[in-house]
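Here is what each chain is made of, one letter per residue.
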Amino acid sequence: MIADISIIKQNIEQDFATIKDAESLEQFRLKHLTKKGTLPVLVESLREIPKEDKPAIGKLINELRQYVEATFKEFKENLEAEESSVPLIDTSLPGRMPLKGHIHPIKKTLDTIISIFEGMGFTVAEGIDIEDDYHNYEALNFAEDHPARDMQDTFFIDDPRGDILLRSHTSPVQIRMMKSHPIPIRSIMPGRVYRNEALSARSLAEFHQIEGLYIDKNVTFADLKGTIVAFAKQMYGNNSQFRFRPSYFPFTEPSAEVDISCYLCSGKGCRICKHSGWLEICGCGMVHPQVLKNCGIDPEEYSGFAFGFGIERVTMLATGINDIRALYENDIRVLEQF
């Protein structure tokens, strides 16, 4: 076999000497490199070699294959360079400046938010987009017939394993963290979420959220309020005004929604804020004791707060875009502004 390989190499080297143009190069390829060519057939013959001889024979065949492929590539590149009658670079032309891309406004907003919370000691955690009913609803204190499930129209997936769905919020990441991470927990969870909603100027079926979670001993609503206000002042400016309104979420108690004075009318009232002078920026609250129990945390010893808001909503507030669909339509008139 070794003698046969040596003869094949000599024949291939003789064929290399006949390559003068593209046609002869193609003839060489058809003869030696195609599926039924010399080299593939030689590789296939390795199966018939006794087991004890395969390492030595295989090494020779591999060396021959690498030599032929490298030499063939060199011949091809040389012929292409010779046949090209147009210079690759016309040094008489002025230089062309490359076009600069832009960071998408949603990515820019997300980076800014993450930077602010990292400055306050929060880590970043991510989770999977496809969840089960337990992590998306049950562990978050949503009973099977709980009316709060109607607040989030869910995309369910037909799966033999049970109730599998596209997550309707990033809260399942909080559940997984409370189950697997030691306390204290101080983390934010950005990600894409999905809800079966009608498309409009203010809503999409696929959008981004970022949620936050802080679990430790003696965590109070005052800590929550201080965190949200500190973030909002860095995000929207020190002159912004805020208010906390009582609200309801199954996984927090007490719960609140946070409003910021309208950035367009400075609180005087306009179309964007529906003439109220206020814009909602997030929902928040103290983690419900039952949620802590579901994750194996003693609510008598630990407490915590959670918050969440939509990235698109924050982006619209920061940029003045009044139609959420404009963020995804790839309209250059919108994107080039950022």
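Everything below is about the structure printed above this text.
Residues numbered from 1 in each chain as written. Predicted model: local features only at pLDDT ≥ 70, side-chain atom pairs only at ≥ 80, totals over all residues. Heavy atoms only, no water.

Looking only at helices and strands, the protein has 11 helices and 10 strands in total. In terms of C-alpha radius of gyration, the protein reaches 32 Å, well past the compact-globule figure of 20 Å for 338 residues. Projected onto the principal axes, the alpha-carbon positions of the protein cover approximately 85 × 60 × 35 Å. Looking at the protein residue by residue over its 338 residues, the buried ones come to 41%. Expressed as a percentage of contacts within the protein between residues at least 6 apart in sequence, the contacts between residues at least 24 apart total 66%. Just so you have it, the protein exposes about 19900 Å², and 52% of that area is on carbon and sulfur atoms. Within the protein, one finds 38 positive and 50 negative side-chain charges whose respective centroids are separated by 4 Å. (Helix = DSSP H or I, 4+ residues; strand = E, 2+ residues; numbered from the N terminus. Rg over C-alpha atoms; globule rule 2.2 N^0.38 Å. Buried < 20%, exposed > 50% of the residue type's maximum accessible area, 1.4 Å probe, protein only. Contact = heavy atoms within 4.5 Å. Areas by Shrake-Rupley, 256 points an atom, 1.4 Å probe, with all protein chains shown as cover. Lys, Arg positive; Asp, Glu negative; His and termini not counted. Charge placed at Lys NZ, Arg CZ, Asp CG, Glu CD.)

So, about helix 8 (residues 221-236). Note that an α-helix has 3.6 residues per turn; residues three or four places apart therefore point the same way. Here helix 8 is 16 residues long and its end C-alpha atoms lie 22 Å apart, about the 22 Å a rise of 1.5 Å per residue gives. All of the buried residues in helix 8 are Leu224, Thr227, Ile228, Val229, Phe231, Ala232 and Met235. Packing partners of the buried residues in helix 8 comprise helix 5 (105-119), strand 7 (242-249), strand 8 (252-261), strand 9 (278-287), strand 10 (303-310) and helix 10 (311-319). Downstream of helix 8 by a residue or two, glycine 237 has a phi angle that is positive, lying close to 110°. (Expected span 1.5 Å × (residues − 1).)

In this section: unusual backbone geometry. The omega torsion of the bond from isoleucine 183 to proline 184 falls at 10°, within 30 degrees of zero and hence cis. Along the chain, proline 184 falls in the loop between helix 7 (171-180) and strand 5 (185-194). With an omega dihedral of 0°, the bond running from glutamate 253 to proline 254 counts as a cis peptide bond. For proline 254, the position within the fold is in strand 8.

This part covers the packing of aromatic side chains. In total, this model carries 16 aromatic pairs according to the counting rule given. Considering the side-chain rings of phenylalanine 221 and phenylalanine 244, the 6.4 Å spacing of their centres and the 70° angle between planes classify their relative orientation as edge-to-face. Residue phenylalanine 221 is located in helix 8, and its partner phenylalanine 244 is located in strand 7; the two are separated by 23 residues in the primary sequence. Grouped by ring-pair contacts, the aromatic residues Phe117, Phe122, Tyr214, Phe231, Phe305, Phe307 and Phe309 constitute a single cluster. Lysine 9 extends its terminal NZ or CZ atom over the ring of tyrosine 67, reaching a point 5.4 Å from the ring centre. Seen from the ring of tyrosine 214, arginine 186 lies directly overhead, with NZ or CZ sitting 4.7 Å from the centre. (Phe/Tyr/Trp six-rings, centres within 6.5 Å; stacked < 30°, edge-to-face > 60°. Lys NZ or Arg CZ within 6 Å of the ring centre and 35° of its normal.)

What follows concerns empty space enclosed by the protein. Considering all chains together, one arrives at one cavity of 30 Å³ or more under this definition. Its boundaries defined by the atoms lining it, the largest cavity holds a volume of some 40 Å³. Together, Leu140, Gln174, Met178, Phe251, Thr252, Val287, Val291 and Ala306 line the largest cavity. A breakdown of the residues in the lining of the largest cavity according to their chemical character gives six nonpolar, two polar and no charged. (1 Å grid on protein atoms, 1.4 Å probe; cavity = no way out; pocket = protein on both sides within 12 Å on 5 of 7 lines; lining within 4 Å. Points joined across faces, edges and corners; volume = space filled by probe spheres on them. Nonpolar A, V, L, I, M, F, W, Y, C, P; charged D, E, K, R; others polar.)

Further remarks concern the sheet that holds strand 3 (residues 155-157). Taken in spatial order, the three strands line up as 2-4-3 in an open sheet, and their pairing is antiparallel. Looking at which strands have only one partner, the edges of the open sheet turn out to be strand 2 (130-132) and strand 3. Shown here is a sheet whose adjacent strand axes are inclined to one another by a mean of 40°, direction ignored. The pairing of strand 3 with strand 4 (residues 164-166) spans three bridges and is antiparallel. Residue pairing for strand 4: phenylalanine 155 is matched across the bridge by leucine 166. (Pairing = 2+ DSSP bridges. Axes fitted to C-alpha atoms, helices over the stretch in contact; angles between N-to-C directions.)

The subject of this paragraph is the sheet that holds strand 9. The seven strands are arranged 1-5-6-10-9-8-7 in an open sheet whose pairing can be described as mixed. Either end of the sheet is taken by a strand with one partner, and the two such strands are strand 1 (123-124) and strand 7. Pairing geometry for strand 5 and strand 6 (residues 206-216), over 10 bridges, is antiparallel. What sits directly across from isoleucine 188, in strand 6, is glycine 212.

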